[in-house]
Amino acid sequence: LRISGPYGADVLRINGVRHLVVQDVVLCGASGSPLVNLYGADDVALDGVTLFGGSPGLLVKATSNLKIVHCAFRGLAAPWSSRSSMKYRGTPSYRIISQRNKPQSHDCEIAWSEFTDGHDGLWLRYLHNLGFHHNLVDNMNDDGIYTSAWGPPGTGLQIDQNWLSRCLTVFAFGIGRGSESDPSDGVTICRNVID
């Protein structure tokens, strides 16, 4: 099943839903909105889902017990796309962005999935207790995995056993715009292959 959406509209919105499995579908969309907008959900699984485009591919807000397995998140960047062309003149097509909402998103697993062809790959800020393992992150012309963005990182982020290649900066941690750093033990990065 292939589902497409127009510019400026979510392709799939999951709002306040519990105990849902989205399996074996292809979602396509323009860069003006998320492909999947996930808000206030609990116990949601994306299994075998392919996402083409979107900005971001997945937007996560106030969600718990999210599981993403065997999925492919494909962005808008060609292998020859430059950072400046997407960041300043185009649309930076992030694959996943988690936002700060109350309650903050927690208890998530992302495994056996591919995140390719984007500007920034994954913004994992504001996630708590995340297992990110056995994934491919490839061809990001800026940051591959952003653990904090404009504030402190989430807590309990375990990033291990992934293949991370062709990213300008594989792991990024940024503080800016008046935000304060949190020097806690929020992120563990181990046993990854970085090419």
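Bear in mind that the values here come from a model prediction, so they are computed numbers and not experimental data.

1. Considerations on the overall build of the protein
- When helices and strands are counted, the protein shows one helix and 20 strands.
- In the protein, which comprises 195 residues, the share counted as buried stands at 52%.
- Once local pairs closer than 6 in sequence are excluded, the contacts in the protein between residues at least 24 apart make up 60%.
- Entry remark: accessible area of the protein is about 8,800 Å², with carbon and sulfur atoms responsible for 51%.

2. Focus: the pattern of salt bridges
- Scanning the entire structure with this criterion turns up six salt bridges.
- Here K67 ties to E109 by a salt bridge, and the two come within 4.0 Å at their closest N and O atoms. In this pair, K67 is assigned in strand β9 (residues 64–69) and E109 in strand β12 (residues 105–111), connecting sequence segments 42 residues apart.
- The partly exposed category is assigned to K67, whose relative accessible area is 38%.
- Across the pair R191 and D160 runs a salt bridge, and its minimum N-O distance is 3.3 Å. Of this pair, R191 sits in the loop between β19 (187–190) and β20 (193–194) while D160 is found in strand β17 (residues 157–160), placing the two residues 31 residues apart along the sequence.
- Judged by its relative accessible area of 8%, D160 is buried.

3. Focus on the sheet that holds β17
- With parallel pairing, seven strands are arranged side by side in an open sheet as β3-β6-β9-β12-β15-β17-β19. Two strands in the sheet have a free side with no partner beyond their single neighbour: β3 (18–23) and β19. Mean inter-strand twist for the sheet, computed between neighbouring axes without regard to direction, equals 10°.
- Of the strand pairs in this sheet, β3 and strand β6 (residues 42–47) are connected by five bridges, and their pairing is parallel. In the sheet register, V22 faces β6, and the bridge partner there is L46.

4. A look at the pairing of β6
- The sheet contact formed by β6 and β9 spans five bridges and is parallel. When the sheet's bridge partners are listed, A45 is paired in β9 with K67.

5. Brief notes about unusual backbone geometry
- S55 connects to P56 through a cis peptide bond whose omega is 5°.
- Relative to the assigned elements, P56 resides in the loop between β7 (50–53) and β8 (58–61).
- Of note, the bond from K102 into P103 is cis; its omega dihedral lies within 30 degrees of zero at -10°.
- Looking at the secondary structure, you find P103 in the loop between β11 (96–98) and β12.
- Notably, N65 is not glycine yet its phi reads approximately 55°, a positive angle.
- With a relative accessible area of 34%, N65 lands in the partly exposed category.
- Notably, D107 is not glycine yet its phi reads approximately 55°, a positive angle.
- Counting through the fold element by element, D107 comes out in strand β12.
- On the basis of relative accessibility, which here comes to 33%, the residue D107 falls in the partly exposed class.

6. Focus: the pairing of strand β13 (residues 114–118)
- Across three bridges, the pairing between strand β10 (residues 72–74) and β13 is parallel. Within β13, the residue paired with A72 across the bridge is E114.
- By the bridge criterion, four bridges tie β13 to strand β16 (residues 136–146) in an arrangement that is parallel. The residue of β16 that forms the bridge with F115 is V137.

7. Brief notes about the side chain of S98
- Mapped onto the secondary structure, S98 falls in strand β11.
- S98 gets classed as buried once you look at its relative accessible area, which sits at 1%.
- Here S98 is in contact with V60, W123, L124, R125, Y126 and L127, once residues within four sequence places are set aside.

Conventions and cut-offs
- Residues numbered from 1 in each chain as written.
- Predicted model: local features only at pLDDT ≥ 70, side-chain atom pairs only at ≥ 80, totals over all residues.
- Heavy atoms only, no water.
- Helix = DSSP H or I, 4+ residues; strand = E, 2+ residues; numbered from the N terminus.
- Buried < 20%, exposed > 50% of the residue type's maximum accessible area, 1.4 Å probe, protein only.
- Contact = heavy atoms within 4.5 Å.
- Areas by Shrake-Rupley, 256 points an atom, 1.4 Å probe, with all protein chains shown as cover.
- Salt bridge = Lys/Arg side-chain N within 4 Å of Asp/Glu carboxyl O.
- Pairing = 2+ DSSP bridges.
- Axes fitted to C-alpha atoms, helices over the stretch in contact; angles between N-to-C directions.

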